[in-house]
Amino acid sequence: MVKYFCCAGLLKNTWDQVCVAFWQRYPNPYSNHVLTEDIIFREVTPTNCLISRRLLTKTSRAPRWMERYLPKHMASSAYIIEDSIVDPQKRTMTTLTWNISHARLMSVEERCHYRINPENGSWTEIKREAWVSSNVYGLSRAIQEFGLARFKTGVTKTMKGFEYVLAKMQGETPSRTLAETATERARETALAAKEKAKDLASHAQKKQYV
């Protein structure tokens, strides 16, 4: 049994800009889980297509109930292979990503296809597909559900990271990260609470002298 997921994304940047940003997307504030990236193979085909293979190391914290099935040194990290083909003639880029760590426990394969948006030539559309599978007897369904939920969360972060890198490339001010927004709100709440405490203390002191 395999869980399948498909979604579409849109980046309001040209295909050329997106292809350049693809190789520069790490690091960004939404990819703190990506530890390393290494190109292990790259060539240009006779038809001028760029073929690349990269090895990524990512943090991959498993839920407590899953950790018992993993060696301790493997429970918090994972190795990912990413293959990509950039076709400048057809103006497409296709990537295929899969995990080589914990594959017996859970396998996640992702295929992304980038092309020029047919309705707006200055935008790029992304078709993203994923296949999540597990062969652990009695737990395969729960593991697949966990993997699919984590993948969907990752898609949101990936798109935000892409937009962040593209904004920086264009010399624009990237939108604030969720952490930065949360920190600012917490600071504002703390200041408001401090001022309120001062007011209450002031009123209490006045009552004491009345």
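Residues numbered from 1 in each chain as written. Predicted model: local features only at pLDDT ≥ 70, side-chain atom pairs only at ≥ 80, totals over all residues. Heavy atoms only, no water.

Caption draft 1: Layout of the nonpolar core. Core analysis: the biggest nonpolar cluster contains 15 residues, and Leu11, Met93, Tyr114 and Phe162 have the highest contact counts within it. Looking at this core, the elements with two or more residues in it are α1 (15-22), β6 (107-116) and α3 (140-169). With five residues, the single largest contributor to this core is α1. Setting aside residues up to four positions removed in sequence, Met93 forms contacts with Trp15, Cys19, Phe22, Ile85, Val86, Cys112, His113 and Tyr114. (Core = buried A, V, L, I, M, F, W, Y, C linked by side-chain atoms within 4.5 Å. Buried < 20%, exposed > 50% of the residue type's maximum accessible area, 1.4 Å probe, protein only. Helix = DSSP H or I, 4+ residues; strand = E, 2+ residues; numbered from the N terminus. Contact = heavy atoms within 4.5 Å.)

Caption draft 2: Expanded view of unusual backbone geometry. Omega for the peptide link from Tyr26 to Pro27 comes to 0°, which places this bond in the cis form. Mapped onto the secondary structure, Pro27 falls in the loop between α1 and β2 (34-44). Positioned with a positive phi, Asn48 is a non-glycine residue whose angle comes to about 70°. For Asn48, the location among the structural elements is in the loop between β2 and β3 (50-59). Using a relative accessible area of 46% as the deciding quantity, one classes Asn48 as partly exposed. Residues other than glycine seldom take positive phi values, yet Arg91 does so here, at roughly 60°. Summarising the element assignment, Arg91 is placed in the loop between β4 (77-87) and β5 (92-99). Judged by its relative accessible area of 31%, Arg91 is partly exposed.

Caption draft 3: Summary view of the pairing of β5. As judged from the eight bridges shared by β4 and β5, these two strands associate in the antiparallel manner. Note that in β5 the partner of Ser84 across the bridge is Thr95. Turn length for the β4-β5 hairpin, with the two strands adjacent in sequence and antiparallel, is four residues, and the turn residue Arg91 shows positive phi of about 60°. Bridge count between β5 and β6: seven bridges; the pairing is antiparallel. Along β6, the bridge assignment pairs Thr95 with Cys112. (Pairing = 2+ DSSP bridges.)

Caption draft 4: Quick peek at the packing of aromatic side chains. Counted by the stated rule, this structure contains five aromatic pairs. Ring geometry for Phe22 against Tyr114: centres 6.2 Å apart, planes inclined by 70°, an arrangement best described as edge-to-face. With a gap of 92 residues between them, Phe22 in helix α1 and Tyr114 in strand β6 connect regions that are remote in the sequence. Judged by its relative accessible area of 2%, Tyr114 is buried. One aromatic cluster in this structure is built from Phe22, Trp23, Tyr114 and Phe162. Above the plane of the ring of Trp23 lies Arg42, whose end atom (NZ or CZ) is 4.6 Å from the centre. (Phe/Tyr/Trp six-rings, centres within 6.5 Å; stacked < 30°, edge-to-face > 60°. Lys NZ or Arg CZ within 6 Å of the ring centre and 35° of its normal.)

Caption draft 5: Just the sheet that holds strand β1 (residues 2-11), in detail. Read across the sheet, seven strands follow the order β1-β7-β6-β5-β4-β3-β2 without closing on themselves; strand pairing throughout is antiparallel. Only two strands of the sheet have a single partner each, and these edge strands are β1 and β2. Ignoring strand direction, the axes of neighbouring strands in this sheet form an average angle of 15°. (Axes fitted to C-alpha atoms, helices over the stretch in contact; angles between N-to-C directions.)

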